[in-house]
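Observations on the three-dimensional arrangement
For reference, the chains in residue letters:
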Amino acid sequence: MDFVFDNSFHDEMEGFYAPAEAAKPSAPKLLAFNHPLAARLGLDTEGVDPEELAQLFSGQALPAGANPLALAYAGHQFGHFSPQLGDGRALLLGEMIAPDGMRFDVQLKGSGPTAFSRNGDGKAAIGPVLREFLVSEAMAAMGVPTTRSLAAVSTGDRVQREHAHPGAVLTRIASSHIRVGTFQFFAAHFGAEHVAQLSDYTIKRHFPDLADTANRHLSLLDQVIGLQCQLAAHWLGVGFVHGVMNTDNVAVSGETIDYGPCAFMDRFAVETVFSSIDANGRYAYGRQPQIMHWNMARFAEALLPAIHAVDPADVDRAKAMVDNVTERFRAVWFDRMRAKLGLVQADDADVELIDSLFAELERHAVDFTSFFRALAQLLRGDGTMLEAILPKADSMAPWIADWWAQLKREAIAPLQRADAMDRVNPLYIPRNHKVEEALASAEAGDMVPWYDLLEVVRNPYVTRAEWADYAQPGSADAMPYTTFCGT
Ligand code: AMP
Ligand code: MG
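Residues numbered from 1 in each chain as written. Chains lettered and ligands numbered in written order. Predicted model: local features only at pLDDT ≥ 70, side-chain atom pairs only at ≥ 80, totals over all residues. Heavy atoms only, no water.

1. Examining unusual backbone geometry
- At R118, a residue that is not glycine, the phi angle is positive and equals roughly 45°.
- With respect to the helices, strands and loops of the structure, R118 is situated in the loop between β7 (103–109) and α4 (126–141).
- Phi is positive for A365, close to 50°, though the residue is something other than glycine.
- Take A365: it is sitting in the loop between α11 (348–363) and α12 (368–379). (Helix = DSSP H or I, 4+ residues; strand = E, 2+ residues; numbered from the N terminus.)

2. A closer look at the site of ligand 1
- Taken together, 17 residues sit near ligand 1, with G86, G88, R89, G122 and N249 positioned nearest.
- Between ligand 1 and the protein, one listed contact pairs an oxygen atom with a side-chain N or O atom of D258 at 3.5 Å.
- Protein contact buries 83% of the 480 Å² of open area that ligand 1 shows by itself.
- When its residues are assigned to classes, the shell around ligand 1 shows two nonpolar, seven polar and eight charged. (Near = heavy atom within 4 Å. Polar contact = N/O pair within 3.5 Å; in protein donor to acceptor, adjacent residues only side chain to side chain. Areas by Shrake-Rupley, 256 points an atom, 1.4 Å probe, with all protein chains shown as cover. Nonpolar A, V, L, I, M, F, W, Y, C, P; charged D, E, K, R; others polar.)

3. As for helix α9 (residues 314–323)
- Buried within α9 we find D314, V315, A318, M321 and V322. With its buried residues spanning 115° around the axis, α9 presents them on a single face. Those residues of α9 that are exposed and angled more than 90 degrees off the buried face are D316 and D323.
- For α9, the secondary structure elements touched by its buried residues are α7 (216–237), α8 (288–310) and α10 (325–340). (Buried < 20%, exposed > 50% of the residue type's maximum accessible area, 1.4 Å probe, protein only. Arc of directions from axis to C-beta. Contact = heavy atoms within 4.5 Å.)

4. Here's the deal with the nonpolar core
- Counting 127 residues, the largest nonpolar core has L341 and F371 as the members making the most contacts within it.
- Looking at this core element by element, the count peaks at 11 residues for α7.
- Of the domains in this structure, domain 1 (8–174) and domain 2 (180–333) are the two that each give at least three residues to this core.
- Setting aside chain neighbours within four positions, we find F371 in contact with L357, L361, V366, L386, I389, M396 and W399. (Core = buried A, V, L, I, M, F, W, Y, C linked by side-chain atoms within 4.5 Å. Domains from an automatic or database assignment.)

Spelled out as structure tokens, the structure:
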């Protein structure tokens, strides 16, 4: 199989990474391969022997033209600055240019220690690898910007966590792996020139239109804030809790990155936390916009030396930009919520309608995903789905009446509106109990439930009778769902 690498980070950014070498797995075996994604990248994998894929995407065989390296970065973890993180369990094989001209990183995750591993083993266990594959595919299918998963390969080796688990390697595809923490690393250790060099590289790669603006580093801040507002609104809109929004886990491309303890909420609760290590709820569902704002303030700080070097007066502009994040987020969020509720035109009364919805959903512990599909069913004249998810048939009657009144402002046929809602409100998400079932089976050697679930979450919008079970939330009496880091 032929790769054509074009390794710009390796060639242009010496000093920003350390060369790396993948550990050789003892018995690599292909667990999953994303053929549609391979085609999108221009990789011809039709008819390629799964054994060859397993070798290429586990570190066993190095593809020609690869320059494996580990990226340096820093980051605020749970609010505290770690000056030295970096790819401790991942290495960048190289960059590929897809047939449409888009550039992508090809990264192995779980391929052994690097210069940045500190005390870690650089490995990944099968569960977190398959969880990332599944959830990132679900996100992509729902239109949420995300890194992608090209391959999952079991290594044949054991990885020691709380227990020993089968080891695995994930091949992650990203439009880049430049993080807020990458900027922080060079701001903390080197200063304005390195920050400007990284900013210029980022602009060339992701935002070439910014190169000629008055202060390109200030423009970069503006762009990244815009993308992060969009991303946070996407997450909230599908009930996603990232779980570890440290600045090293924020990609400047605006893609969701680092699927660790993430999970989707069933019954709505704004304080929902799944991660076992997030005891204070710093990264709870409803705090994600605030944390995004905080992370953008850290990004601005890291960029300041470069912004200042172009024009000292722009430091105040950067501050104003950060101050404006909440307002910017709210605008994006209301647009997204309007679409979820079938509203087309903005109206002052939407704000109250949308804000009050969340109090209602929480009060009645309504399944977040089902709710928006149930509203569309209501427009089709069928109230059974809504009744089934509410404690009492009329639990939300006053809110429904307000929503109805807002719909009436617009002359749109109810069926047309219902169909538009179903195109933005997923019916099938990776439900926690289904994910756990699938991962437990996979770890025991049976991949079938995982393949089945992958097929379901890749098709989130169109109702299929045979998938009814996948649309159901887990039992209300089940123990609170807990996730663990440690991909
Ligand atoms: P995370 O919170 O999962 O994004 O990881 C934070 C940092 O810890 C990153 O620099 C990772 O590369 C590093 N890390 C996490 N797990 C391991 C591991 N098993 N071996 C080496 N480094 C790790
Ligand atoms: Mg990370």
